[in-house]
Amino acid sequence: MSGQEIPKAYEPKDVERRWYAFWEKSGFFKADPRSGKPPFAMVIPPPNVTGSLHIGHAFTLTLQDVIVRWKRMSGFDTLWLPGLDHAGIATQLVVERKLAQGGKKKEDLGREAFERCVWAWKEESGGKILSQLRLMGYSLDWSRERFTMDATLSRAVREVFVSLYEAGLVYRGDYIVNWCPRCVTALSDLEVETEPEPGSLWHIRYPEKGGGPGVVVATTRPETMLGDTAVAVHPEDERFQALIGRTLVLPILGREIPVVADSFVDREFGTGAVKITPAHDPNDFAAAQRLGLPSIKIMDERAVLNENAGPYAGRDRFEARKGIVAQLEQEGLLVKTEPHQVPLGRCQRCRTVVEPRLSRQWFVKIQPLAEPAIKAVEDGRIVFVPESWSKTYFEWMRNIRDWVISRQLWWGHRIPAWTCGSCAALLVAREAPARCPKCGAGELVQEEDVLDTWFSSGLFPFSTLGWPDQTEDLKRYYPNDTLMTGFDIIFFWVARMIMLGMRFAGDVPFRTVFINGLVRDEKGEKMSKTKGNDVDPLQVIEKHGTDALRFTLTALAAPGTDPSLGEARLLGYKAFVNKLWNASRFVMMNLEGPRAESYDFKALPLASRWILSRAQAVAGRADQALQEFRFDHAAHELYHFVWDELCDWYLEMAKPALADPEQAPATRAVLLEVLDTALRLLHPIMPFVTEEIWQRLPEAGRAAAPSIMVAPFPRPDPAKSDAVAEEQMQPLMRLVTGVRTIRATYEVAPRKRIDVTVVAPSEKERTFLRAHAAVIRSLAALETLEVVDQAPDGERTIRQPIDSLELRIPMAGLFDIAAEMTRLSKERLKIEAELDGLRRKLENPQFVERANPEVVAQSRERVLELEARRLKVDGTLDDLRGAGT
Ligand SMILES: [Zn+2]
Ligand SMILES: [Zn+2]
């Protein structure tokens, strides 16, 4: 293909759509268990079926795709498995809201019709996110796409549940759980967000039976007093010794309750006497179990007070609170009210204040599962990257509580348990039983609750491969190699996969867990829709192209840090995409003409040996960086190589060689080889632009493959590593940089060709410089380059030492010395004036004390800047004056 046919500007949109379709159609994303290659497997954190792509997904999944593409190009049979999570509460809420628009509730439809409704919604508008993943270029094996409610995955869920039950690790019990009265379901500890909020501490007197003063208790939730079944004091608290065992009269209801002693009471809190409400507080529940106290429920599942609440029955909890406080005050039983910070738990989904509630739930006994999972990380069978996350993991796993797995929802895996209507036997089975095995009755009622969403996603690494069947995929791709995800789901997801995978699939689910940071805005602040500082990846793609976004995210991914994403960075890397495009255009246009099929490396000119050697070094470093999950290093190495070494140096250095019929054929071969290598190195990060260019390269000169995504990832070739060439290029590059700096300082027009003399005392250096004079002249835009052993006398020159050399540039004809001196003297006066003003301000204590600290800091910085500039101007002026002597 001819260089002339390459469009001047890179247009991402059309290119991206075309290549993604080509890759998918060609089957390049598919894993192939029979390929004979070593396997490499990962699953994505399955996004919610309700989800749409946000920058957090784009970040973690881009890094995953970089790894997968790199592994695929490195000769692995890669499986990167996509899937969707049915997302119990989240999805049910979406469909309920839709029903509400038509004035309906899910109860109007009934359970089965509602479930059909959710499925219909899922088919129609769910899973939008999967098509957005395609826009990002992710090389997912769509032929193995899974959904946590698929028949096979549901079968795995039942198998795990029933096995755990049979092993005595699933049990049902009355327990205080976190309860959302809005969502009407139990929540796991992880689904509750607790933050201190301003509240009150009410001190309430409970009189003694028979008329004594009784005790004063302190509470932040006075409405719960209606469910009190005791008041507890610390057994060693001298203030209350006489009261222990006495009877109190509960205000409002007049119910009699005992004073009991228990060492869980904190003597320092409130009055030292605490009310015990077993049905509505987890600590009180535990105390009541120890002390044999009864539990009285006073609220229903929507936090409305029930018949046990006497006059407050039928009122909402917060309404009842107001009434109770007012009544106590009227009756003279409210001793005092003080402001108090209350740790308030809210439902992660709907922000409703969580109500601890005694209810019948299903639990997983977690200790027997946690122990092997802790050990697997302790002994290094699973490694966290960065390593510090293992501490977080241990802390949580060592304090883990039994897992509440039942949810009072309709959408999800319904618990496979049935109660016999005749003999009340509880049956837990893999398939719905036809009749009761105990009494033979056919009237069986299935448990209403469904399982926590994380119960099924916790099986994802093996349920997606066909488990419990011993499939070919399962044998080959389990354990997975790596898991990559954000830190926010280490407990929800990662820990559960480890526990369940070890128990059921017989091994750790993955060997390495890479935890990425949280994408923040350019000021380092958390992104949020409400703040309006969130970045929409789809808009970025539209504006800058996918590769620019992917490269930016990769370059920002320093492990253990939160990347700061802003427009400036995106623009910077978009410029990089364009730079690569333009450089490739230049190369392709210069490939026209005879090209050597091979070359003798040692006989190549220095510049060619240098760039080839640099390419080997960068290939090695990029590979190493990706092995260590140093995405940032890989991106920076490649950026520097392509932009600086290839574009700014080598393409310039190749120009004279391309004009020389003897050197041109080998130079073309080198150019093509280096570009091919650079594209393949960049491909995992920037799949689209690299494929677009690579497909235009002459096939005979590049790696052989139908697509760059299945071409080999470059490995360093020791035969082309040339430490001497890399060493020799250094003074040459410094010399050229020196000339360029001087040109910039004196504002010499870029096209103006100038004369330069280099003073080189050693014979060896002189020979070397003379041999490479053509390259230097071309790079520095020189008319003549003279290499001498001694400085010539009596010339007005600018001098610049570079290592052991000295650059001399005669001023004659370069610029008007007198005019330049006048210009610089004027600039110096302006600098002085501004410095004076700033100093006066900074010496004024009123300014320093009263002004915005940021303004003060800026002023100080400006002083330093001006001083540095003045030093430079003085230096130049000195040179100019000296040049006159
Ligand atoms: Zn809720
Ligand atoms: Zn029965």
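Residues numbered from 1 in each chain as written. Chains lettered and ligands numbered in written order. Predicted model: local features only at pLDDT ≥ 70, side-chain atom pairs only at ≥ 80, totals over all residues. Heavy atoms only, no water.

Caption draft 1: Spatial organisation of unusual backbone geometry. Note that the residue after Trp467, namely Pro468, is joined by a cis bond; omega there is 10 degrees. Relative to the elements of secondary structure, Pro468 occurs in the loop between α13 (460–463) and α14 (472–477). Look at the link from Tyr478 to Pro479: it is a cis peptide, with omega at -5 degrees. Even without a glycine there, the phi angle at Arg351 is positive, about 70 degrees. Note on placement: Arg351 falls in the loop between β13 (334–347) and β14 (355–364). (Helix = DSSP H or I, 4+ residues; strand = E, 2+ residues; numbered from the N terminus.)

Caption draft 2: Spatial organisation of the coordination of the zinc ion (ligand 2). Within the protein, the atoms that donate to the zinc ion (ligand 2) are Cys420 (SG), Cys423 (SG), Cys436 (SG) and Cys439 (SG), at distances of 2.2 to 2.4 Å. Around the zinc ion (ligand 2), the 4 donor atoms sit at angles spanning 103 to 113 degrees, and that spread fits a shape best called tetrahedral. All donors of the zinc ion (ligand 2) belong to a single chain; written as a sequence motif, their spacing is C-x2-C-x12-C-x2-C. Remark: Cys439 occurs in the loop between β19 (426–428) and β20 (444–446) and Cys423 occurs in the loop between β18 (417–420) and β19; sequence separation between them is 16 residues. (Donors = N, O, S within 2.8 Å, 3.2 Å for Na, K, Ca; no water. Tetrahedral: all angles 85-135°; square planar, octahedral: opposite > 155°, others 65-115°.)

Caption draft 3: Here's a closer look at the sheet that holds strand β7 (residues 192–206). With antiparallel pairing, 3 strands are arranged side by side in an open sheet as β8-β7-β13. Two strands close off the open sheet at either side, each with one partner strand: β8 (215–219) and β13. Across the sheet, the mean angle from the axis of one strand to that of its neighbour is 20 degrees, orientation sign disregarded. (Pairing = 2+ DSSP bridges. Axes fitted to C-alpha atoms, helices over the stretch in contact; angles between N-to-C directions.)

Caption draft 4: Spotlight on the coordination of the zinc ion (ligand 1). Bound to the zinc ion (ligand 1) on the protein side are Cys180 (SG), Cys183 (SG), Cys347 (SG) and Cys350 (SG), at distances that span 2.2 to 2.4 Å. Classification of the site at the zinc ion (ligand 1) as tetrahedral follows from its 4 donor atoms and the range of 103 to 116 degrees in their angles at the metal. In primary-sequence terms, the residues that donate to the zinc ion (ligand 1) follow C-x2-C-x163-C-x2-C. One end of the pair, Cys183, is in the loop between β5 (170–180) and β6 (185–187); the other, Cys347, is in strand β13, with 164 residues separating them in the sequence. Accessibility assignment for this pair places Cys183 and Cys347 in one class, buried. (Buried < 20%, exposed > 50% of the residue type's maximum accessible area, 1.4 Å probe, protein only.)

Caption draft 5: Representation of the side chain of Arg743 within the structure. Looking at the element boundaries, Arg743 is found in helix α23 (residues 723–745). Lacking a salt bridge, the buried Arg743 has Glu783 as its closest oppositely charged neighbour, with an N-O distance of 9.2 Å. Of the polar contacts made by the side chain of Arg743, one reaches the backbone oxygen of Lys752; its length is 2.5 Å. At 3.1 Å, the side chain of Arg743 forms a polar contact with the backbone oxygen of Ala781. Residues contacting Arg743, with those up to four places away along its chain left out, are Val748, Ala749, Pro750, Arg751, Lys752, Ile754, Ala780 and Ala781. (Lys, Arg positive; Asp, Glu negative; His and termini not counted. Salt bridge = Lys/Arg side-chain N within 4 Å of Asp/Glu carboxyl O. Polar contact = N/O pair within 3.5 Å; in protein donor to acceptor, adjacent residues only side chain to side chain. Contact = heavy atoms within 4.5 Å.)

Caption draft 6: Quick look at the nonpolar core. Membership of the largest hydrophobic core comes to 163 residues, with the highest contact counts inside it found for Leu133, Phe631 and Tyr650. When residues in this core are grouped by element, the largest group, 14 residues, is from helix α20 (residues 631–658). In this structure Phe631 touches Leu63, Val66, Ile67, Met484, Phe514, Thr554, Ala557 and Leu626, once residues within four positions along its chain are discounted. (Core = buried A, V, L, I, M, F, W, Y, C linked by side-chain atoms within 4.5 Å.)

Caption draft 7: The layout of surface pockets, seen in detail. In this structure, the second largest pocket occupies an estimated 1200 Å³ of space. Surrounding the second largest pocket, 39 residues form its lining, Thr220, Arg221, Asp281, Val342 and Pro343 being those nearest its centre. For the lining of the second largest pocket, the secondary structure elements donating two or more residues are β7, β8, β12 (273–276), α8 (282–291), α9 (317–330), β13 and β14. A per-element tally of the lining of the second largest pocket places β7 first, with 7 residues. (1 Å grid on protein atoms, 1.4 Å probe; cavity = no way out; pocket = protein on both sides within 12 Å on 5 of 7 lines; lining within 4 Å. Points joined across faces, edges and corners; volume = space filled by probe spheres on them.)

Caption draft 8: Seen up close, the pattern of salt bridges. Counted under the stated rule, the structure contains 66 salt bridges. Salt-bridge contacts for Arg609 lead to Asp722; the nearest nitrogen and oxygen are separated by 3.4 Å. Residue Arg609 is found in helix α19 (residues 606–627), and its partner Asp722 is found in the loop between α22 (687–694) and α23; the two are separated by 113 residues along the sequence. Exposure class is identical for Arg609 and Asp722. Each is buried. Notably, a salt bridge pairs Glu763 with Arg766, separated by 3.0 Å at the nearest N-O pair. A residue pair is termed a helical-turn pair when its members lie 3 or 4 positions apart in one helix, as Glu763 and Arg766 do in helix α24 (residues 763–771) at 3 residues. Among the residues examined, Arg766 registers a relative accessible area of 10% and is labelled buried. Each member of the salt-bridge network shares a partner with another, and the members are Glu747, Glu820, Arg823, Glu827 and Arg869.

Caption draft 9: Expanded view of the packing of helix α17 (residues 546–556) against α20. Running from N to C, α17 and α20 point in directions that differ by 120 degrees, and their axes come no closer than 6 Å. Judged by the inter-axis angle, α17 sits oblique to α20. Listed contacts from α20 to Phe551, Thr554 and Ala555 of α17 are Phe631, Asp632, Ala635, His636 and Tyr639. Along the lines of polarity and charge, the residues of the contact of α17 with α20 split into 5 nonpolar, 2 polar and 1 charged. (Parallel < 35°, antiparallel > 145°, perpendicular 65-115°, else oblique. Nonpolar A, V, L, I, M, F, W, Y, C, P; charged D, E, K, R; others polar.)

Caption draft 10: Helix α3 (residues 88–101), seen in detail. Compared with an ideal rise of 1.5 Å per residue, which puts 14 residues at 20 Å, α3 spans 20 Å between its outermost C-alpha atoms and is within 8% of the ideal. Taken together, the buried positions of α3 are occupied by Gly88, Ile89, Ala90, Thr91, Gln92, Leu93, Val95 and Leu99. Contact partners of the buried residues in α3: α4 (106–109), α5 (111–125), β6 and α12 (453–457). Where α3 terminates, the next one or two residues include Gly103, which has phi positive at roughly 75 degrees. (Expected span 1.5 Å × (residues − 1).)

Caption draft 11: How the structure looks around empty space enclosed by the protein. Summed over all chains, the structure comprises 1 cavity of 30 Å³ or more. Of the volumes computed, that of the largest cavity is approximately 40 Å³. The wall of the largest cavity is formed by Trp179, Pro181, His280, Met299, Asp300, Glu301, Ala303, Glu355 and Arg357.

Caption draft 12: Fine view of the packing of aromatic side chains. Following the criterion strictly, the structure yields 37 aromatic pairs and no others. In this structure, Arg357 packs its charged tip against the face of Trp179, placed 4.5 Å from the ring centre. (Phe/Tyr/Trp six-rings, centres within 6.5 Å; stacked < 30°, edge-to-face > 60°. Lys NZ or Arg CZ within 6 Å of the ring centre and 35° of its normal.)

Caption draft 13: Just the pairing of strand β11 (residues 256–261), in detail. In the sheet, strand β9 (residues 230–233) pairs with β11 via 3 bridges, with the strands oriented parallel. Looking at the pairing, Val233 lines up with Ala261 of β11. In the sheet, strand β10 (residues 247–249) pairs with β11 via 3 bridges, with the strands oriented antiparallel. Each residue of the ladder has a partner; that of Thr247, found in β11, is Pro258. Between β10 and β11, which follow one another and run antiparallel, lie 6 residues, and Ile252 among them has a positive phi close to 70 degrees.

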